[in-house]
Amino acid sequence: MVPHLMEHLRAALVLAVIVVTWILGTPGLDFLRPSDADTPEEREAFRELVGEPAATAGLAIMDFNTNIRLPVDQRLAWTQRPFRVSQLWSLYRDGPPRVRRLEIRVDGDLKYRSVDPEHDWLADTLRNRRLRPVAESTVIQYDAHNWEGLLRLVVLRARETWPDAQVVELAATEGPFPGDRMATKYTMTAQAPDWAPAHAWDPRWPHRRKP
């Protein structure tokens, strides 16, 4: 009795792992957003664009992704972290769709830009394996936990190099691959004499949200 029960449990566990793997790593669906075709006008335009029966099939996939797959994905995403198996299919499709860079300006002058040999002040420090993840998260996430610490470090080094500096600014920039059309998303600024950190979306960035 017990061996048969163990076999059933093992089979159920294997099936669950397969299902979870497909939900978390479904090729193609990662590129579908909940905002895609979420209004009657957009759905009708999609039908006119691709025709039937492709439109019905496509809309059914979008609805499944929005209403079923994504909610499950959000609840199960944490299971990938202990095993370090999270993947972005775009890495194997056509390269990264967006490029993100960090810029450092002192009194308005550009001193550092990611992967820019002409503006490489503090590059050795920012490439340090312990600090690099902090710089990367600061550029990717507006509400990254360590942006204030990174800004304090940059201010300290800037004041050592330029004692008369008045304003130090970190800018998170983003643009389509390969990165020749970049725009500022948000900035992190400290100004003399108190050097208090300030954080703000660039008003020209179209996707900004309230912090």
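Here's what I pulled together on the structure shown here.

1. Some points on the side chain of Thr173
Thinking step 1. Along the chain, Thr173 falls in strand 3 (residues 167-176).
Thinking step 2. Owing to a relative accessible area of 3%, Thr173 belongs among the buried residues under this scheme.

2. As for unusual backbone geometry
Thinking step 1. A cis amide bond, omega 5°, links Glu52 with the succeeding residue Pro53.
Thinking step 2. The peptide bond linking Ala192 to Pro193 adopts the cis configuration, its omega dihedral lying at 10°.
Thinking step 3. Considering the arrangement of structural elements, one finds Pro193 in the loop between strand 4 (183-191) and strand 5 (196-201).
Thinking step 4. With a phi close to 55°, Val115 is a non-glycine residue in the positive phi region.
Thinking step 5. Mapping Val115 onto the fold places it in the loop between strand 2 (109-113) and helix 5 (123-126).
Thinking step 6. Judged by its relative accessible area of 81%, Val115 is exposed.

3. Description of the pattern of salt bridges
Thinking step 1. Evaluated as defined, the whole model comprises eleven salt bridges.
Thinking step 2. When the shortest N-O distance is used, the salt bridge between Arg43 and Asp63 registers 3.0 Å. Taken together, the residues span a long stretch of sequence, with Arg43 in helix 2 (residues 40-50) and Asp63 in helix 3 (residues 54-76) at a distance of 20 residues.
Thinking step 3. Note that Asp202 and Arg204 form a salt bridge whose closest N and O atoms lie 3.0 Å from each other.
Thinking step 4. Its relative accessible area of 10% is what places Asp202 among the buried residues.

So, how was this worked out
All residue numbers here refer to positions counted from 1 along the written sequence of the relevant chain. Selection of residues for local features in this predicted model requires a pLDDT of at least 70, selection of side-chain atom pairs for listing and counting requires 80 or more, and totals for whole chains, interfaces and linings are taken over all residues. By convention in this description, side-chain values take in all heavy atoms of the structure and omit both hydrogens and water. The secondary structure listing takes helices from DSSP runs of H or I that are at least 4 residues long and strands from runs of E that are at least 2 residues long, numbered from the N terminus. Note on exposure labels: buried denotes an accessible area under 20% of the residue type's maximum, exposed denotes more than 50%, and partly exposed covers the range between, all computed with a 1.4 Å probe on protein chains only. A pairing counts as a salt bridge when a side-chain nitrogen of Lys or Arg comes within 4 Å of a carboxyl oxygen of Asp or Glu.

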